[in-house]
Amino acid sequence: MGLAVEQISGDDQKLLVNILLKQQYALELVSSEINDIECGDKAACEEEYNRLLALYDLLRFSK
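Since the model is a prediction, treat every value here as computed from it, not as a measurement.

Novice: Hey, could you run me through the confidence of the model for the protein chain in this one?
Specialist: A low pLDDT means the predicted coordinates there should not be read in detail. For the protein chain, per-residue confidence averages 92 on the pLDDT scale, and 94% of positions sit at 70 or higher. Per-element mean pLDDT across the protein chain ranges from 77 in helix H1 (residues 2-7) up to 97 in helix H3 (residues 25-38).

Novice: Help me out: how do you make sense of the packing of H3 against helix H4 (residues 46-61) in this one?
Specialist: Working note: a packed helix pair is described by the angle between its axes plus the distance between those axes. Viewed as axis vectors pointing N to C, H3 and H4 meet at an angle of 150°, and their least axial separation amounts to 9 Å. Note that H3 runs across H4; the crossing there is left-handed. The segment H3 lies against H4, with Ala26, Leu27, Val30, Ser31, Glu33, Ile34, Ile37 and Glu38 engaging Tyr49, Leu52, Leu53, Leu55, Tyr56, Leu59 and Arg60. Considering only residue class, the contact of H3 with H4 consists of 11 nonpolar, 1 polar and 3 charged.

Thresholds applied
Residue positions are given per chain, counted from 1 along the sequence in the order it is written. Only residues with pLDDT of 70 or above have their local features reported here, since the model is predicted, and side-chain atom pairs are shown and tallied only from 80 upward, although totals for entire chains, interfaces and linings are computed over all residues. Think of the side-chain values as coming from all heavy atoms in the structure, minus any hydrogens and water. Every residue carries a pLDDT, the predictor's confidence in it, which falls somewhere between 0 and 100. Going along the chain from the N terminus, every DSSP run of H or I of four or more residues is numbered as a helix, and every run of E of two or more is numbered as a strand. To obtain an axis, a line is fitted to C-alpha atoms, over the contacting stretch when the element is a helix, and the angle between two such axes runs from 0 to 180 degrees between their N-to-C directions. We call a crossing left-handed when the near helix sits turned anticlockwise from the far one by less than a right angle, and right-handed when that turn is clockwise. Between two residues, a contact is recorded if the distance between any of their heavy atoms is within 4.5 Å. Amino acids are sorted into nonpolar (Ala, Val, Leu, Ile, Met, Phe, Trp, Tyr, Cys and Pro), charged (Asp, Glu, Lys and Arg) and polar (every other residue, Gly among them).

If you want it as structure tokens, here you go:
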């Protein structure tokens, strides 16, 4: 995945993020990541988990 990120230009990355936000996919992805951490399917440090929670709130309540 790291290689794909390196190959996508900054403008294309911004476009992708914009699409994810407009279609509410960003919220779904963040929610899924939080769920995976809470269920023990993925490991994350407390700082990353808290950042995901804050991002979820931001995405959910900024409509």
